Amino acid sequence: MIGVIDYRAGNAPSVGYALERLGIEHRLVDTPGQLEDCDRLILPGVGAARATLDSLHASRLVEPLSERVHRDGIPFLGICIGLQVLFEHSEEGDVAALGWIPGTVRRFDDELRVPQIGWNSVHLRRDHPVTATFPDGGHAYFVNSYYASPADPGHVLGETAYGVEFCSIVAHANIVATQFHAEKSGELGLRILSGFAEWIP
Amino acid sequence: MLTKRLIACFDVVDGRVTKAQQFQDNIDVAPAEELARQLYDDQIDEIIFYDIKASAERRKIDLETVRRVAHHVFVPFTVGGGIRTVDDMFEVLKAGAEKISVDSMAVRNPDIIRAGAEAFGRQCIVLSTQVKRVGVRAGIPSGYEVFIDGAREATGLDALDWVRHGEDLGAGEIVVNSIDCDGTAAGYDLEITRAVADAVNVPIIASGGAGNVDHIADGLTTGGAQAAIISSILYSPRLDRNVGVRELKDGLAARNVPMRPYLP
């Protein structure tokens, strides 16, 4: 059972509809107790880093989420802001984030049109079960003003160019996260969700 | 490379997509859910859904239709019409939208843009504008004025002043919808589209008037837009021939406009 974390600033229903289309068993979760019933977790997001973190703290989800991912080692997928909050610090609202993956989140250069909104190509830097059926250079849908910069290049699974080459898929142990909206990237995005549902880290 | 986007626009009345001409005389096209499913299968890049009567009728948006459409659309889905508060936005996001479009309500209460961006992020708030060429005059230095409520009410706001203000308040994208060109299939108003693209730093969406692939290419190049809203060309019963997404994308690629490739 995949738990899709449903917090105020998120778009859990869209992820739920995508999993429904794929016939993958899932439920939306918004209380700490429900996390225990799930053997995989997705943290979706459309919002701002601070609003997301505040919302997760207000629902008292941060500690139990960390326990499921770190103590129990269940597969975890972050999407969009669900990728950005995994790092140590975000320039957005100058907030300390979850710190599960070493690195920071930076704002795109103002010389660019920001936010980046649209379909951009994702170049895979290595093999990973979650991206096994995603073609190298395939297009995915991005909506972001900030991008993650992992401290360890070994954590970069996919890269995308928008003024800079930035990390569009990060992977570390039982954690994987996409900067693009896998649930809104057409059939290629659905392949990532399928890959995640079958992944045994 | 970031590609340009083709966005299908749904003007929804009672759960059905309709097609207007210069914001009037809406004729019926198809149930929103059915058209959404078909366009997703045709690999449209994005869908915008306007509940076009919600604002004028001072009622809440038709969430049931939003939910039904969201079930079939695994590309971005923006929803607008009758959004007055952050709670309204929250309900629409929970129904399955990623982005919220504000238009007339934002003119009445510009703070809704700021509050929405603060709650959900700038990228979530699309400012849609209805603009009309009125000529340069006092208070309207660009010669384009903002209208609201289905193009019926003039606001006295200059189009460029308004979009700059909207960007400052937190809008993450701006739709430039030309009242003069809407439903004419004679091409976008490239002059105001370009002027808005030059005035702000957020992505711009050209809207109103696309009748063929050359119009779309012009909007995305000369007009400086990052995305093009299309509707008549896809499904207006008023046109002799409708064109599918694939043919449009092939035509744009042939004109060197970068598009998301069509998946076989």
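See the structure printed just above.
Keep in mind that what you see is a predicted model, and the values were worked out from it rather than measured.

A. Representation of the overall build of chain A. Within chain A, the regular secondary structure consists of six helices and 13 strands. The C-alpha atoms of chain A give 15 Å as radius of gyration, which agrees with the globular expectation for 201 residues (17 Å, within 12%). Taken along the three principal axes of its C-alpha coordinates, chain A extends 45 × 35 × 30 Å. For chain A, the residues scored as buried account for 64% of the 201 residues in total. Long-range contacts, defined as pairs at least 24 residues apart, comprise 69% of the intrachain contacts of chain A with a sequence gap of at least 6. Counting 15 positive and 26 negative side-chain charges, chain A places the centres of these two groups 3 Å from one another.

B. Geometry of the overall build of chain B. Along the backbone of chain B there are 10 helices and 12 strands. In terms of C-alpha radius of gyration, chain B reaches 17 Å, essentially the compact-globule figure of 18 Å for 264 residues. Based on the C-alpha atoms only, the size of chain B along its principal axes is roughly 50 × 40 × 40 Å. By the burial criterion, 61% of the 264 residues in chain B qualify as buried. The contacts in chain B between residues at least 6 apart in sequence include a share of 63% that link residues at least 24 apart. For chain B, the exposed area adds up to about 9400 Å²; of that, 47% sits on carbon and sulfur atoms. Placing the 29 positive and 39 negative side-chain charges of chain B at their respective mean positions leaves the two points 1 Å apart.

C. Examining the side chain of His139(A) more closely. Mapped onto the fold, His139(A) is located in strand β9 (residues 138–144). What His139(A) contacts, discounting residues up to four positions off in sequence, is Trp119(A), Asn120(A), Ser121(A), Phe134(A), Leu188(A), Met1(B), Thr3(B), Arg260(B) and Pro261(B).

D. Fine view of the nonpolar core. Core analysis: the biggest nonpolar cluster contains 118 residues, and Phe10(B), Ile44(B), Phe77(B), Ile113(B), Ile216(B), Ile230(B) and Leu234(B) have the highest contact counts within it. Ile216(B) has contacts with Leu6(B), Tyr188(B), Ala210(B), Ala228(B), Ile230(B), Ile233(B), Leu248(B) and Leu252(B), leaving out every residue within four places of it along the chain. Residues Cys38(A), Leu83(A), Val105(A) and Tyr146(A) belong to the second largest nonpolar core, which totals 34 residues.

E. Representation of the packing of helix α5 (residues 111–120) of chain B against helix α6 (residues 159–169) of chain B. All names here are of chain B. Running from N to C, α5 and α6 cross one another at 35°; their axes reach a closest spacing of 8 Å. As for how α5 packs across α6, the hand of that crossing is right-handed. Where α5 approaches α6, its residues Ile 113, Arg 114 and Ala 117 are matched on the opposing element by Trp 162, Gly 166 and Leu 169. Grouping the amino acids of the contact of α5 with α6 by side-chain chemistry returns four nonpolar, one polar and one charged.

F. Quick look at the interface of chain A and chain B. Each side of the interface is counted separately: chain A has 39 residues, and chain B has 44 residues. When the two sides are added together, the surface that chain A and chain B hide from each other amounts to roughly 3400 Å², 54% of it contributed by carbon and sulfur. For the pair chain A and chain B, the number of links is two salt bridges. Close ionic contact of Glu98(B) with Lys184(A) constitutes a salt bridge, the shortest N to O distance being 3.5 Å. Counting the contacts that link chain A with chain B gives 23 residue pairs in polar contact (both at pLDDT 80 or more).

The rules we used
In this numbering scheme, every chain counts its residues from 1 along its sequence in written order. For naming, the first written chain is A and the first written ligand is 1, with later ones following in the order written. With pLDDT at 70 or above as the cut-off, local features in this predicted model cover only qualifying residues; side-chain atom pairs require 80 or more to be listed or tallied, and sums for whole chains, interfaces and linings still use all residues. Each side-chain value is derived from all of the structure's non-hydrogen atoms; neither hydrogens nor water enter the calculation. Secondary structure follows DSSP: runs of H or I at least 4 residues long count as helices, runs of E at least 2 residues long count as strands, and numbering of each begins at the N terminus. C-alpha atoms define the radius of gyration, and 2.2 Å times the number of residues to the power 0.38 defines the globule rule. Only protein chains enter the accessibility calculation, which uses a 1.4 Å probe; a residue is then buried when its area is under 20% of its type maximum, exposed when over 50%, and partly exposed in between. In what follows, a contact means two residues having at least one pair of non-hydrogen atoms within 4.5 Å. Charge assignment: positive for Lys and Arg, negative for Asp and Glu; neither His nor the chain ends contribute. Charged groups are reduced to one reference atom each: NZ for lysine, CZ for arginine, CG for aspartic acid, CD for glutamic acid. Under the convention used here, a 1.4 Å probe and the Shrake-Rupley method define accessible areas, while residue burial counts only the protein chains that appear. Remark: nonpolar core denotes a set of buried residues (Ala, Val, Leu, Ile, Met, Phe, Trp, Tyr, Cys) joined through side-chain atoms within 4.5 Å. Between N-to-C directions, angles cover 0 to 180 degrees, with each direction set by a line fitted to C-alpha atoms, over the stretch in contact for helices. In a left-handed crossing the near helix is turned counterclockwise from the far helix by less than a right angle, and in a right-handed crossing that turn is clockwise. Each residue is assigned to one of three groups, with Ala, Val, Leu, Ile, Met, Phe, Trp, Tyr, Cys and Pro labelled nonpolar, Asp, Glu, Lys and Arg labelled charged, and all others, Gly among them, labelled polar. As used here, buried area is the combined drop in accessible area, with a 1.4 Å probe, of two parts when they are placed together. The rule for a salt bridge is simple: a side-chain nitrogen of Lys or Arg has to be within 4 Å of a carboxyl oxygen of Asp or Glu. N or O atoms within 3.5 Å of each other form a polar contact, as long as, within protein, one can give a hydrogen and the other can take it, and as long as residues adjacent in sequence are counted only when both atoms are side-chain atoms.

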